[in-house]
Amino acid sequence: MAAAIDGILPSTLQELVTKSKVLVVGAGGIGCEVLKNLVLSGFTQIEIIDLDTIDLSNLNRQFLFHREHVGKSKARVARESALSFNPDANIIAYHDSVTSTDYGVNFFKKFDVVLSALDNRAARNHVNRMCLNADVPLIESGTSGYNGQVELIKRGLTQCYECTPKEKQRSFPGCTIRNTPSEPIHCIVWAKHLFNQLFGESVEDEDISPDSADPEAQNENTNIKEIDGSGDNGSEDKEKVTETGSEFNTESKNDGNVVRINTRQWARDCNYDAGKLFNKFFNEDINYLLRMSNLWKSRKAPLPVQWATLLANGTKNEDQEFVRQHHKVWTVEECAHVFANALKELSCAFLKLKDNDTLVWDKDDQPAMDFVAACANVRSHIFDIERKSRFEIKSMAGNIIPAIATTNAITAGISVMRAFSVLQSKWEQCKAVYARLRLNGRNQFLVADAFFPPPNPNCYVCASEPAITLRIDTKRIQVKAFRDDVLIKTLNMVNPDVTVEATGSIVISSEEGETESNEQKILSDMNIVDGVILKCDDFFQSYELSIIISHFDAERDDVLFEVIADKNQLQPKREQKPKDTSAEQSSSRKRATNGRDIPDDGPSTSKRSRPSEVEDDNDDCLVIEEDDVEEIVNTKTEQLTVKSPPKVGAKRKPVKILDNEDITEILDSSDEEDLGPAKSKRTKLDDSQPNEVISID
């Protein structure tokens with residue numbers, strides 16, 4: 001071990017290494033390399049935490065794991081493998097979530113430095129807050145293909161992880177997904193929504209049925225409007241439809257209302273009959289779309305397919321060879337076979353769940369991935385769109401690009417070198433470092449920042465008095481939805497307590513059952529109206545936030561709330577023109593951010609782009625969203641309904657580079673997310689644009 005041999009490390013550093021306690025958060029692609037480097041450097045007091053288990057796809061770049069470890073805890077196996085390098089090291093492994101209440105501020109305070117190698121935004125937000133409150137230096141790291149990034153986060157010295165907003169994911173109009181797909185990604189998104197409609201957390205904005213409200217389909221025959229309940233005499237609240245496997249049937253009641261059975265209930269009633277479901281989604285729904293003749297005046301009309309035509313002899317239960325050929329583009333008949341077998345497995349798993357539990361789509365879950373691949377390809381065939389192999393669909397559906405083992409190793413090495421500087425309090429040597437694919441004008445592929453970006457004085461996490469304005473429809477949002485959607489999902493709290501500042505009345509309590517009677521109450525019924533100030537306190541995160549309520553009357557399809565912080569805060573930063581000529585050759589850098597919902601990272605290949613921010617994927621991949629060939633924008637922030645005014649953030653001090661430098665920018669992603677489905681009410685997506693927007697998961 002380096003620290004055990006005199007002369008390799010300076011004597012002062014050698015002593016610090018042997019005495020320091022280090023926490024590694026994440027045991028994936030970067031985490032494994034970090035742990036190995038720490039042990040070989042001579043660190044003997046190490047703790048590592050990761051909730052994930054080892055998947056077969058991890059083995060090509062996570063070298064602490066082998067085939068016999070598949071299905072086991074990453075943290076525990078990483079510990080066992082690392083001990084083979086130094087049996088005298090004291091390594092403690094936790095197979096657990098870092099957001100668990102077992103790992104509060106006091107847990108973080110016992111470490112001299114924390115090295116983060118996480119794979120989702122919410123966990124990174126949490127570790128950021130823990131380290132800020134514990135006043136422990138945090139070294140963030142992440143990779144995106146051949147690009148990597150390492151940066152220091154220290155209270156009072158640098159920006160925190162949440163000082164700079166993250167860009168939103170790419171999204172598609174709802175009518176494009178449901179009515180007129182033109183790209184493979186449209187069909188893949190539709191297939192993922194279908195999975196959620198049948199087995200996952202059902203979201204109103206992810207409906208896969210034909211959208212008769214499509215502006216292009218207006219002025220069609222009245223039958224469509226009547227069936228949809230959107231005709232002049234129909235009320236969406238009163239007229240509904242019963243969707244069956246044979247046709248769109250309506251069941252009228254004495255009062256004239258029509259009952260609708262949702263897709264999930266109908267599929268259950270059909271005992272998940274593959275033929276009925278297949279005909280419903282790929283024949284009857286398509287025929288319904290064909291009746292919207294305006295849609296096909298300038299487009300090629302879709303061609304419905306029938307189960308009986310494709311599989312006249314039925315399906316075979318045994319696993320076919322082509323199913324294992326992930327690089328093969330399946331035929332439509334093969335897709336039908338895969339659809340039937342995946343449907344059988346998923347329905348069996350779904351029916352075993354208790355109460356309102358749901359399945360979570362995961363690209364590494366074979367039946368879930370097979371289902372999406374088969375459905376996406378059948379729909380692509382119907383709309384004359386190029387079909388893709390299962391491997392290609394997995395990459396697109398998971399919003400991922402392959403992680404590169406060498407990039408992980410380089411990034412992890414820099415992380416540990418930064419840890420050396422942190423232990424010696426050599427802060428000037430801890431500036432952010434970016435690894436990129438191409439050399440810059442000075443023949444460098446590792447480029448360091450020239451300065452520490454200062455903390456954002458208006459950050460709602462690390463500012464002295466954090467506060468936000470919440471624009472919200474207090475007449476429609478319930479207390480439970482306020483807690484789950486606003487405080488937990490959007491503002492990343494864990495166990496919030498909420499009181500009204502003026503009266504001191506308790507609205508939400510983290511104590512179980514104390515305010516349960518408030519959950520179904522509307523905010524306005526609790527006297528939470530325009531101008532009221534709420535005090536929010538997350539004891540677990542040692543985090544306090546003031547929320548100023550700004551009421552507005554949301555339209556039917558409007559989002560029900562949006563967070564408005566500082567004008568410069570929640571909008572992604574943009575470059576500002578320098579004042580002098582030398583600055584014109586510089587580039588501004590966004591604050592480093594990491595993750596796999598990464599889910600939001602990717603390089604920008606524009607000539608004057610800034611150093612980038614990266615996020616490590618949840619081991620094998622990094623979540624991204626491609627805006628076009630030259631730009632990758634952030635992935636889904638898990639269906640958050642946060643909106644911000646389009647403002648420009650404060651500019652960072654420029655880094656001096658040559659004109660011909662090509663610096664890659666990698667942005668934070670969020671996940672894969674990733675976090676699993678929230679069982680709480682979701683707010684509706686914004687309809688400020690002409691079309692409904694559905695975000696990719």
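Because the structure is predicted, anything quoted here is derived from the model rather than measured.

## A closer look at the sheet that holds strand β16 (residues 533-538)
Moving on, step 1. The sheet built from 6 strands is open, its strands ordered β15-β14-β16-β17-β13-β18 with mixed pairing. Looking at which strands have only one partner, the edges of the open sheet turn out to be β15 (506-508) and β18 (561-564). Taken over all neighbouring pairs, the strand axes of this sheet differ in orientation by 30° on average, direction set aside.
Moving on, step 2. Pairing between strand β14 (residues 496-500) and β15: 2 bridges, direction antiparallel. Bridge pairing links Thr499 to Ile506 in β15.

## Quick notes on the pattern of salt bridges
Moving on, step 1. Counted under the stated rule, the structure contains 23 salt bridges.
Moving on, step 2. Among the salt bridges present, the one from Lys19 reaches Glu15, with a minimum N-O distance of 2.7 Å. In this pair, Lys19 and Glu15 both sit in helix α1 (residues 11-19), 4 residues apart, roughly one turn of the helix.
Moving on, step 3. Residue classification places Glu15 among the partly exposed positions, given a relative accessible area of 43%.

## Some thoughts on the pairing of strand β4 (residues 113-116)
Moving on, step 1. Side chains Val113 and Leu115 project from β4 onto one buried face, and the interleaved Val114 and Ser116 project onto a second face that is buried too.
Moving on, step 2. Here 3 bridges tie β4 to strand β5 (residues 138-144), and the two strands are oriented parallel to one another. When the sheet's bridge partners are listed, Ser116 is paired in β5 with Glu140.

## So, the nonpolar core
Moving on, step 1. Ranked by size, the top nonpolar core spans 60 residues in total, and within it Phe282, Phe339 and Phe371 carry the most contacts.
Moving on, step 2. Those elements that provide at least two residues to this core are α7 (184-198), α9 (263-269), α10 (274-290), α11 (307-310), α12 (332-351), α13 (366-382) and α14 (390-397).
Moving on, step 3. Excluding residues within four positions of it along the chain, Phe339 makes contact with Ala274, Leu277, Phe278, Phe282, Trp307, Phe371, Ala374 and Cys375.
Moving on, step 4. Core analysis: the next-biggest nonpolar cluster, separate from the first, contains 58 residues, Leu118, Met130, Phe482 and Phe552 among them.

## A look at the pairing of strand β6 (residues 147-153)
Moving on, step 1. With respect to burial, β6 is a largely interior element, 7 of its 7 residues being buried.
Moving on, step 2. Side-chain alternation along β6 places Asn147, Gln149, Glu151 and Ile153 on one buried face and Gly148, Val150 and Leu152 on a second face that is also buried.
Moving on, step 3. Note that β5 and β6 share 7 bridges and pair antiparallel. By the bridge assignment for β6, Leu138 is matched with Ile153.
Moving on, step 4. Judged from the 3 bridges that link them, β6 and strand β11 (residues 433-435) form a sheet pairing that is antiparallel. Counterpart to Val150 in the pairing with β11 is Val433.

## Examining α14
Moving on, step 1. Taken residue by residue, α14 has Arg390, Ile393, Lys394 and Ala397 as its buried positions. Along the long axis of α14, the arc covered by the buried residues comes to 105°, so they all point the same way.

## Quick word on the UniProt feature "binding site: Zn(2+)" (unreviewed entry) in the chain
Moving on, step 1. Per the UniProt record, "binding site: Zn(2+)" (unreviewed entry) is found at Cys160, Cys163, Cys459 and Cys462. For the residues just named, distributed over 303 residues, the greatest C-alpha separation is only 8.6 Å, placing them together at one site.
Moving on, step 2. Here Cys163 lies in the loop between β6 and β7 (171-173).
Moving on, step 3. Under the relative-accessibility criterion, Cys163 is labelled buried at 2%.
Moving on, step 4. Tracing the backbone through its elements, the reader meets Cys462 in the loop between β12 (446-448) and β13 (467-472).
Moving on, step 5. In this structure Cys462 comes out as buried when scored by relative accessible area, which is 17%.
Moving on, step 6. With residues up to four places along the chain from it excluded, the contact list for Cys462 reads Leu132, Arg155, Cys160, Cys163, Pro455 and Asn456.

Cut-offs used in this document
- Residues numbered from 1 in each chain as written.
- Predicted model: local features only at pLDDT ≥ 70, side-chain atom pairs only at ≥ 80, totals over all residues.
- Heavy atoms only, no water.
- Pairing = 2+ DSSP bridges.
- Helix = DSSP H or I, 4+ residues; strand = E, 2+ residues; numbered from the N terminus.
- Axes fitted to C-alpha atoms, helices over the stretch in contact; angles between N-to-C directions.
- Salt bridge = Lys/Arg side-chain N within 4 Å of Asp/Glu carboxyl O.
- Buried < 20%, exposed > 50% of the residue type's maximum accessible area, 1.4 Å probe, protein only.
- Core = buried A, V, L, I, M, F, W, Y, C linked by side-chain atoms within 4.5 Å.
- Contact = heavy atoms within 4.5 Å.
- Arc of directions from axis to C-beta.
- UniProt positions renumbered as here; feature names shortened; annotations may be inferred.

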